[in-house]
Amino acid sequence: MAVKDRDRFSTATRLKLLGEQTAARVYRSQTRRQARRSRLTGRAALLAIVLCTMIVALAYPMRQYVSQRAEISDLERQQQQARQRVEQLRDLKARWQDDAYAEQQIRQRLHYVMPGETGYVVIDPGAAKQAHAYLGAADRPWYANVWDGVDKSDASSDQ
């Protein structure tokens, strides 16, 4: 028995026993941590699934809401422009009710003159030259005009 008691109280035996106890404690704490982690991981996964489901469920209605708000603002802008246009047309209608404005527009646009007045039309010299150039093309046969057009387009592409 003396040997047994001696082994029981020897330093090596105590260190070995202490190491085993420490290893057992570490193993138990790791097991507890893993058990806690697995519970939290399951809860976190469930929470993530619920959040993803809510996001997917709300994505389409939110997209519709945003697009409808944009459409509403666009329609309000168009409505405001239409109101302004109606106001302009009402002003124009009121001006045309005035005989002096109507007479002024008739003289200006249609070149009318009152009885006893002499009307003159001033012709721009540059415009007259262009008109003569077109009249010369009308006097020639059509195929000559076509070939002149081809020549002009070739000359402009070479430059």
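As a convention, each chain's residues are numbered from 1 in the sequence order in which they are written. Given that the model is predicted, a residue must reach a pLDDT of at least 70 before its local features are reported, and side-chain atom pairs must reach 80 or more before they are shown or counted; all residues, however, enter totals for whole chains, interfaces and linings. Side-chain metrics rest on all non-hydrogen atoms present in the structure, leaving aside hydrogens and water.

## A look at the overall build of the chain
Stated formally: To qualify as a helix, a DSSP run of H or I must reach at least 4 residues; to qualify as a strand, a run of E must reach at least 2; elements of each kind are numbered from the N terminus. Residue exposure (1.4 Å probe, protein chains only): buried if accessible area is under 20% of the type maximum, exposed if over 50%, otherwise partly exposed. Every accessible area reported is derived by Shrake-Rupley at a probe size of 1.4 Å, with residue values counting cover from the shown protein chains alone.
Tallying secondary structure elements over the chain gives 5 helices and 0 strands in all. For the chain, the succession of helices and strands along the chain, N to C, is α-α-α-α-α. A total of 159 residues make up the chain; the buried ones form 2% of that total. For the chain, the computed accessible surface area is about 15,000 Å², with 60% contributed by carbon and sulfur atoms.

## Quick look at the packing of aromatic side chains
Here is the rule: Aromatic rings from Phe, Tyr and Trp, with only the six-membered ring used for Trp, were paired whenever their centres fell within 6.5 Å, and each pair was classed as stacked if the ring planes differed by under 30 degrees, edge-to-face if by over 60, and tilted otherwise.
Summed over the entire model, instances satisfying the criterion amount to 2 aromatic pairs. Between W96 and Y101, the aromatic rings sit 5.4 Å apart at their centres with planes inclined by 85°, giving edge-to-face as the arrangement.

## Notes on helix 3 (residues 99-110)
Note the following rule: How far a helix is expected to stretch is found by multiplying one less than its residue total by 1.5 Å. Comment: arc refers to directions from the helix axis out to C-beta atoms.
In this model, helix 3 (12 residues) spans 16 Å end to end at C-alpha, consistent with the 16 Å of a helix rising 1.5 Å per residue. Turning to helix 3, its buried residues are Y101, A102 and Q105. The buried residues of helix 3 occupy an angular sector of 100° when the element is viewed end-on, so they sit on one face. A positive backbone phi angle near 60° is found at H111, which sits one or two residues after helix 3.

## Overview of a nonpolar patch on the surface
Quick note on the threshold: Nonpolar side chains (Val, Leu, Ile, Met, Phe, Trp, Tyr) are joined into patches within 5 Å and like charges within 9 Å, using only residues with over 30% relative accessible area and no salt bridge. A pair is scored as a salt bridge if a Lys or Arg side-chain nitrogen falls within 4 Å of a carboxyl oxygen belonging to Asp or Glu.
Together, L46, L47, V50, L51 and M54 give the surface a local cluster of nonpolar side chains, amounting to about 470 Å² of exposed area. Here L51 is to be found in helix 2 (residues 11-97). Given the relative accessible area of 45%, L51 is considered partly exposed.

## A look at unusual backbone geometry
Its identity as a non-glycine residue notwithstanding, H111 has a phi of 60°, on the positive side. Relative to the helices and strands, H111 is located in the loop between helix 3 and helix 4 (125-139).

## Focus on the pattern of salt bridges
Taken as a whole and assessed by the stated rule, the structure comprises 3 salt bridges. A salt bridge links R107 to E103, with the shortest nitrogen-to-oxygen separation between them at 3.6 Å. Separated by 4 residues within a single helix, R107 and E103 lie in helix 3, roughly one turn from each other. Looking at R107, the relative accessible area reads 29%, which means it is partly exposed. Among the residues examined, E103 registers a relative accessible area of 38% and is labelled partly exposed.

## Observations regarding the environment of I106
Selection rule: Note on contacts: a residue pair qualifies if any of its non-hydrogen atoms lie within 4.5 Å across the two residues.
On the secondary structure map, I106 appears in helix 3. Looking at I106, the relative accessible area reads 34%, which means it is partly exposed. Beyond its immediate stretch of four places on either side in the chain, I106 contacts H111 and Y112.

## Details of the side chain of Q105
Counting through the fold element by element, Q105 comes out in helix 3. For Q105, a relative accessible area of 8% translates into the label buried. Once residues lying within four places of it in the same chain are set aside, the contact partners of Q105 are W96 and L110.

## Considerations on the confidence of the model for the chain
To be explicit about the condition: pLDDT measures how confident the predictor is about each residue, on a scale from 0 to 100.
Summing up the model confidence of the chain, the mean pLDDT is 83 and the portion of residues at 70 or higher is 79%. Ranking the helices and strands of the chain by mean pLDDT puts helix 3 first, with 92, and helix 1 (residues 2-8) last, with 55.

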